[in-house]
Every structure is written in structure tokens, then in C-alpha cells.
Amino acid sequence: MRIGELAAAVGVTTRAVRHYHQLGLLPEPERLGNGYRDYTLRHAVVLARIRRLTELGLGLTEVRDVLADEAGKDLVEVLTELDEDLARQEAAIRERRARLRTLLESEGGLSSEGPVSPELAALFRDTAHLSDSPMAVKDREMLAFLETAAPPEERERLVGLLGGVVGAPGGAERARALYAMLDALADAEPDDPRVEEAARALAASVPDELIPEGTDIGEADGFLRALYADFAPAQAEVFRRMLRIVTEGRS
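From a predicted model like this one, the values you see are computed outputs, not experimental measurements.

## Some remarks on the overall build of the protein chain
Link 1 in the chain: Counting its secondary structure elements, the protein chain contains 12 helices and two strands.
Link 2 in the chain: The order of helices and strands in the protein chain, counted from the N terminus, is α-α-β-β-α-α-α-α-α-α-α-α-α-α.
Link 3 in the chain: Residues classed as buried in the protein chain amount to 33% of the 251 residues present.
Link 4 in the chain: Within the protein chain, residue pairs in contact and separated by at least 24 positions form 56% of the contacts whose partners lie at least 6 positions apart.
Link 5 in the chain: Entry remark: accessible area of the protein chain is about 15400 Å², with carbon and sulfur atoms responsible for 54%.

See the structure below:
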């Protein structure tokens, strides 16, 4: 058989046959006097087996291992491992679908910052009345980022602390006042007198547990450097001073 006839008989492409030759999966046939490869029935049998194994999901390296074992005992081991891997993939897909269902059924779960967890979506609903504040919008984006980057237990702690601040008596009103103070500093200079007032008000409202012990308040921290750069100069100075007030208050 010519290569085209072999490929057609097994249901693969001639390119695949050549690729299997290069990988050593399919033995090279003898060449006729005219230089053409002469494939035998044995080549078709091996090629058909390669196709069946790849359709089961085996990688070509695994196919090579199976073909190299004439007794066939490794095939059981390989297929068992493949079955276990597929079971893990099925479990992961079920978990992802469950999360998607929760988001789709949860009002607010698909906010502009989302998708976010149901807990953070609930917090966003509770602060929806603040969405006219540019600083509040930045805050929501930052919270969505932190929820993605932080470990699960830290996410729960973070959302719980912030939910407690907003849900406390007068919490929503204090949040609106803080955002208004920060928004008012969008075009101000870092030495504006309102900066210190906003920093102290923010420090008084932020739960102490929200800022981990040993937080680097200087420019050496790459994350804080990026955070400050995202704000107007006076707003960034508010956060610098707030962190200093909180950390110095612990000593």
C-alpha cells in the first residue's frame, strides 16, 4: 500500500502517518525500487491501534509505552490511570458547574466586577447605593481582585470584616462620607489639609484586623506601589497616612 491508501484505510491523514514515523510509533516500511514506501497489513494494524488509543485520550508518549510492551500488561495500567484522570476532570467540571449555577441564580453575582463569590456579591448589593462614587467603584474592583488573589480562608475573612463594617449601625452612612472625602481629593495636592482629616477618618473606620501585622507601609512593597499609582496623588497620600496611623497605633 502507498501512504495515501494506508491513511485512508485507517481513517487518518497522511500527515499523521508521517508524524508517527518521526516519533517512532509506526515502523518505517521498506521502499520499492521507485523510492515509494510499501506499507503492509501489519502497518495498518499498528496504525489502527494508535488511532484507537489516542481516541481514548492517551497522549502519544503513553501510546509509545503501550506499543512497546508486547505482552500488553501496561495497557491496563495506562487505561486505569486515564480513567482516574477522567474521573478527576469530571469532578472538577461538576464543581465548576455548581459554582456557575450559584452565580446565575444569585442576584448580583454577575456584577461588572464579576463573577465574584456569593458573599462578595451580597456585599456589593449592600453598597450598590454608593456606585455613583468613583472611589467606591475602584474599591469594588480592588475587592474583586483581592478575592481572586487571596487564599479561600483569607477571602472569607476579608469579606466578613468588610461586611461587618458596612452592616454596623451607621456603617453605610460612614462609608458614603468616606468615599465623598476621597472623591473630593481627586484633583488635590498631597499636602492638602483635607488629606490628614480623610486619613484619620479612614483609620477610624478600617478594622484593625484588615491590615496584617508587619505590613510594609513604604514604597518597597510592590503591591502598595502599584496601588498608590492607581490613585490621584492626594488620595494615595491618604492611604499612606492611614496605614501609618494604624501601624503606629499598635506600638
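So that's the structure; there's more coming.
## Quick notes on the packing of aromatic side chains
One pair of aromatic rings is described through two measures. These are the centre distance and the angle between the planes.
Link 1 in the chain: Following the criterion strictly, the structure yields one aromatic pair and no others.
Link 2 in the chain: Above the ring of Y36, the side-chain terminus of R2 is found at 4.2 Å from the ring centroid.
Link 3 in the chain: The cationic tip of R240 hangs over the ring face of Y228; the distance from NZ or CZ to the ring centre is 4.3 Å.

## Focus: a negative patch on the surface
Link 1 in the chain: A cluster of like negative charges, contributed by E62, D65, E77, E81, D83, E84 and E90, occupies part of the molecular surface.
Link 2 in the chain: Of all the elements in the fold, those that place two or more residues in the negative patch are α4 (60–68) and α5 (73–105).
Link 3 in the chain: If you tally residues by element for the negative patch, the top one is α5, at five residues.

## Things to note about helix α6 (residues 118–126)
Three or four residues apart is the spacing at which side chains of an α-helix point the same way, because the helix has 3.6 residues per turn.
Link 1 in the chain: Residues L120, A121, L123 and F124 constitute the buried set of α6. With its buried residues spanning 160° around the axis, α6 presents them on a single face. Residues of α6 that are exposed and point more than 90 degrees away from the buried face comprise E119 and D126.
Link 2 in the chain: On its buried face, α6 is in contact with α7 (134–149) and α8 (152–167).

## Here's the deal with helix α3 (residues 41–55)
Link 1 in the chain: The terminal C-alpha atoms of α3 lie 21 Å apart, and with 15 residues this matches the ideal 21 Å at 1.5 Å per residue to within 8%.
Link 2 in the chain: Turning to α3, its buried residues number three or more, namely H43, A44, V46, L47, I50 and L53.
Link 3 in the chain: Note on α3: the residue one or two positions beyond its end, G57, has a positive phi of about 110°.

## As for the pattern of salt bridges
Link 1 in the chain: Applying the stated criterion to the full structure yields eight salt bridges.
Link 2 in the chain: Among the ionic contacts, a cluster of salt bridges with common partners joins E196, R200, E237, R240 and R241.

## Here's the deal with the nonpolar core
Taken as a class, soluble globular proteins show a tendency for nonpolar side chains to be buried jointly.
Link 1 in the chain: Judged by nonpolar contacts, the single largest core of 27 residues is most densely connected at L185, L202, V238, F239 and M242.
Link 2 in the chain: Put simply, the parts of the chain that give this core at least two residues each are α7, α9 (171–183), α10 (193–205), α11 (222–229) and α12 (233–250).
Link 3 in the chain: The element best represented in this core is α12, accounting for seven residues.
Link 4 in the chain: Sequence-distant contacts of M242, that is, excluding residues within four places in its chain, are made with A199, L202, A203 and I211.
Link 5 in the chain: Counting 20 residues, the second-largest nonpolar core is a separate cluster that includes L6, Y20, I50 and L53.

## Details of the side chain of H21
Link 1 in the chain: Summarising the element assignment, H21 is placed in helix α2 (residues 14–23).
Link 2 in the chain: Residue classification places H21 among the buried residues on the basis of a relative accessible area of 8%.
Link 3 in the chain: When residues no more than four places from it in sequence are discounted, the contact partners of H21 are L26, P27, E28, P29, R37 and Y39.

Analysis parameters
Residues numbered from 1 in each chain as written. Predicted model: local features only at pLDDT ≥ 70, side-chain atom pairs only at ≥ 80, totals over all residues. Heavy atoms only, no water. Helix = DSSP H or I, 4+ residues; strand = E, 2+ residues; numbered from the N terminus. Buried < 20%, exposed > 50% of the residue type's maximum accessible area, 1.4 Å probe, protein only. Contact = heavy atoms within 4.5 Å. Areas by Shrake-Rupley, 256 points an atom, 1.4 Å probe, with all protein chains shown as cover. Phe/Tyr/Trp six-rings, centres within 6.5 Å; stacked < 30°, edge-to-face > 60°. Lys NZ or Arg CZ within 6 Å of the ring centre and 35° of its normal. Patch = residues over 30% accessible without salt bridge, like charges linked within 9 Å, V, L, I, M, F, W, Y side chains within 5 Å. Salt bridge = Lys/Arg side-chain N within 4 Å of Asp/Glu carboxyl O. Lys, Arg positive; Asp, Glu negative; His and termini not counted. Charge placed at Lys NZ, Arg CZ, Asp CG, Glu CD. Arc of directions from axis to C-beta. Expected span 1.5 Å × (residues − 1). Core = buried A, V, L, I, M, F, W, Y, C linked by side-chain atoms within 4.5 Å.

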